[in-house]
Amino acid sequence: MKFSIKDIVLVAACISIVFVQEQILSFLPNIQLTVLLLVLFSKKLGFVKTSIIIVIHTLLDCLITGSLNLYYFPFMVLGWLSIPLICCTFFKKTNSSLILGTVGIIGSLIFSWIFIIPNILVANSTVNLSIITYYLIADLPFEAILACSSFLSIIWLYNHCSKAFDVVLNKFYN
Amino acid sequence: MKKNLIIKIILSVIAVGIIALSVYFLKDSFKPDYDGVITVEVINLDNEVVKSKEITFKENDELSVLIENNFNNVTYQNGMIMSIEDYNTPADWSTFISIYVDNKMSEVGLSDIEFKDGTKISLIITEFIFDWE
């Protein structure tokens, strides 16, 4: 796959948008537009470009939160990658905001569950079923907030963002 | 089209309700329904007790507020205790304050610790050691 200068610029701009909105909304626990944007980019830019956006965004995010290490970074990337993976495979032809909202819920839950792994590894020398169950229960409110905020942002904003992004892409490439 | 909008509105109301409920659970900290005395100590990197204090608590007191009222320079960030007495968590998190309850590392944050009469809370300055092995 070849990348033109325009492709690189577009990917960089998308990374900036994801990163900045996440920082602006960081005072709200797990309320962010990241899932909406990743669903949008997956549908419009495809899996490869969205994956690059995810890797670089996660790298920047881990850098500023001090979690750039082998415990957190790979799991965070894997968690976010689940969204373009789902969008570009099972829901490749879907454009219904309600269905994509459901994808947002699934992606948020997968991200949260994958992110539990490093949290357990960092805090516990031994891992057993009771510890995993404990973390899963403790994480429930955070998972619910991320899943619901993602669902809400997708069902109400996806169609508008999709149209606006199409206009931007048309002007940018033509 | 109208049916789709109604479904969206109904689902949105449910989602907002779930968010509100989750935020309520996250904000809801442990408050005892009894009185008692707890010991709170701050231990530095050299394993020396910097300050130890017996704190009398009453019904509905919150642990974070009790610590704030009995120690100097106490600050919280996103529910985490970031500074106490002379210690401030550095920006690179090379050291941090870990919480022990009755000499056992706490699995929950300060606000969720279920303390009772005689509980010992240790705030131990800990070096962050990254060891993948």
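Please read all numbers here as calculations on a predicted model, not as lab measurements.

Re helix H2 (residues 63-70) of chain B
All names here are of chain B.
Part 1 of the argument: All buried positions along H2 are accounted for by Leu63, Ser64, Leu66, Ile67 and Asn70. Take H2 and look down its axis: the buried residues cluster within an arc of 160°, on one side only.
Part 2 of the argument: Against the buried residues of H2 lie strand S1 (36-43), strand S2 (49-57), strand S3 (75-77), strand S4 (80-84) and strand S8 (120-127).

Some thoughts on helix H6 (residues 129-173) of chain A
Part 1 of the argument: For H6(A), with 45 residues, the first-to-last C-alpha span of 52 Å runs short of the 66 Å given by 1.5 Å per residue.
Part 2 of the argument: At Leu157(A), H6(A) shows its strongest bend, of approximately 55°.

Quick notes on the state of the cysteines
Residue and element names in this part refer to chain A.
Part 1 of the argument: Scanning all chains against the criterion turns up 0 disulfides over all chains.
Part 2 of the argument: The structure places no disulfide on Cys88, whose sulfur is separated from the nearest cysteine sulfur, that of Cys87, by 6.2 Å.
Part 3 of the argument: Classification of Cys88 as buried rests on a relative accessible area of 19%.
Part 4 of the argument: Free of any disulfide, Cys161 has its nearest cysteine sulfur in Cys14, 12 Å distant.

Quick look at the packing of aromatic side chains
Part 1 of the argument: Applying the stated criterion to the full structure yields 10 aromatic pairs over all chains.
Part 2 of the argument: Ring centres of Trp80(A) and Phe111(A) lie 3.9 Å apart, and the angle between their planes is 15°; on these two criteria the pair is classed as stacked. Placement of Trp80(A) in helix H4 (residues 73-87) and of Phe111(A) in helix H5 (residues 97-123) is noted, with a sequence separation of 31 residues between them.
Part 3 of the argument: A relative accessible area of 10% places Phe111(A) in the buried class.
Part 4 of the argument: Plain terms: the ring middles of Tyr34(B) and Phe57(B) are 6.1 Å apart, the flat faces sit at 70° to each other, and that makes the pair edge-to-face. Of this pair, Tyr34(B) sits in the loop between helix H1 (2-27) and S1 while Phe57(B) sits in strand S2, placing them 23 residues apart in sequence.

Remarks on the interface of chain B and chain A
Part 1 of the argument: Residue-level contacts link 20 residues of chain B with 19 residues of chain A.
Part 2 of the argument: Carbon and sulfur atoms make up 77% of the surface buried where chain B meets chain A, a total of about 1900 Å² over both sides.
Part 3 of the argument: Between chain B and chain A we count 0 salt bridges in total.
Part 4 of the argument: Here chain B is connected to chain A by 2 residue pairs in polar contact (both at pLDDT 80 or more).
Part 5 of the argument: Along the lines of polarity and charge, the residues of the side of chain B that touches chain A split into 14 nonpolar, 3 polar and 3 charged.

As for the packing of helix H3 (residues 47-65) of chain A against H4(A)
Residues and elements named next belong to chain A.
Part 1 of the argument: Two elements in contact, H3 and H4, have axes separated by 9 Å at closest approach and are oriented at 150°. Relative to H4, the element H3 lies roughly antiparallel. The handedness of the crossing between H3 and H4 is right-handed. In contact with Phe47, Thr50, Ser51, Ile54, Val55, Thr58, Leu59, Asp61 and Cys62 of H3, H4 contributes Phe73, Met76, Val77, Trp80, Leu81, Pro84 and Leu85.
Part 2 of the argument: For the contact of H3 with H4, a count of residues per class yields 12 nonpolar, 3 polar and 1 charged.

Section: the side chain of Asp61(A)
Part 1 of the argument: Tracing the sequence through the fold places Asp61(A) in helix H3.
Part 2 of the argument: Setting aside chain neighbours within four positions, we find Asp61(A) in contact with Phe19(A), Glu22(A), Gln23(A) and Met76(A).

Looking at the sheet that holds strand S5 (residues 87-88) of chain B
Residue and element names in this part refer to chain B.
Part 1 of the argument: The 3 strands lie next to each other as S3-S4-S5, forming an open sheet whose pairing is antiparallel. Whereas interior strands pair on both sides, the edge strands pair on one side only; in this sheet they are S3 and S5.
Part 2 of the argument: Bridging between S3 and S4 involves 3 bridges; their strand directions are antiparallel. Looking at the pairing, Tyr76 lines up with Ile81 of S4.

Focus on the pairing of S4(B)
All names here are of chain B.
Part 1 of the argument: Across the 5 residues that make up S4, a large majority, 4, are buried.
Part 2 of the argument: Linkage of S3 to S4, two consecutive antiparallel strands, is achieved through a turn of 2 residues, within which Asn78 is found at a positive phi near 50°.
Part 3 of the argument: Examined bridge by bridge, S4 and S5 share 2 bridges and lie antiparallel to one another. Directly across from Ser83, in S5, lies its bridge partner Asn88.
Part 4 of the argument: Two successive antiparallel strands, S4 and S5, enclose a turn made up of 2 residues, where Glu85 displays a positive phi of approximately 50°.

Examining the sheet that holds S2(B)
Residue and element names in this part refer to chain B.
Part 1 of the argument: Read across the sheet, 5 strands follow the order S2-S1-S8-S6-S7 without closing on themselves; strand pairing throughout is mixed. Only two strands of the sheet have a single neighbouring strand rather than two, namely S2 and strand S7 (104-105).
Part 2 of the argument: Inspection of the sheet shows S1 paired to S2 by 8 bridges, in the antiparallel sense. For Val42, the partnering residue across the bridge sits in S2 and is Lys51.
Part 3 of the argument: Against the sheet, H2 engages S1, S2 and S8, with an angle of about 120° to S2.

Calculation rules
- Residues numbered from 1 in each chain as written.
- Chains lettered and ligands numbered in written order.
- Predicted model: local features only at pLDDT ≥ 70, side-chain atom pairs only at ≥ 80, totals over all residues.
- Heavy atoms only, no water.
- Buried < 20%, exposed > 50% of the residue type's maximum accessible area, 1.4 Å probe, protein only.
- Helix = DSSP H or I, 4+ residues; strand = E, 2+ residues; numbered from the N terminus.
- Arc of directions from axis to C-beta.
- Contact = heavy atoms within 4.5 Å.
- Expected span 1.5 Å × (residues − 1).
- Bend = angle between axes of the 7 residues up to and from the residue.
- Disulfide = S-S within 2.5 Å.
- Phe/Tyr/Trp six-rings, centres within 6.5 Å; stacked < 30°, edge-to-face > 60°.
- Buried area = accessible area lost by both parts, 1.4 Å probe.
- Salt bridge = Lys/Arg side-chain N within 4 Å of Asp/Glu carboxyl O.
- Polar contact = N/O pair within 3.5 Å; in protein donor to acceptor, adjacent residues only side chain to side chain.
- Nonpolar A, V, L, I, M, F, W, Y, C, P; charged D, E, K, R; others polar.
- Axes fitted to C-alpha atoms, helices over the stretch in contact; angles between N-to-C directions.
- Parallel < 35°, antiparallel > 145°, perpendicular 65-115°, else oblique.
- Left-handed = near helix turned anticlockwise from the far one by under 90°.
- Pairing = 2+ DSSP bridges.

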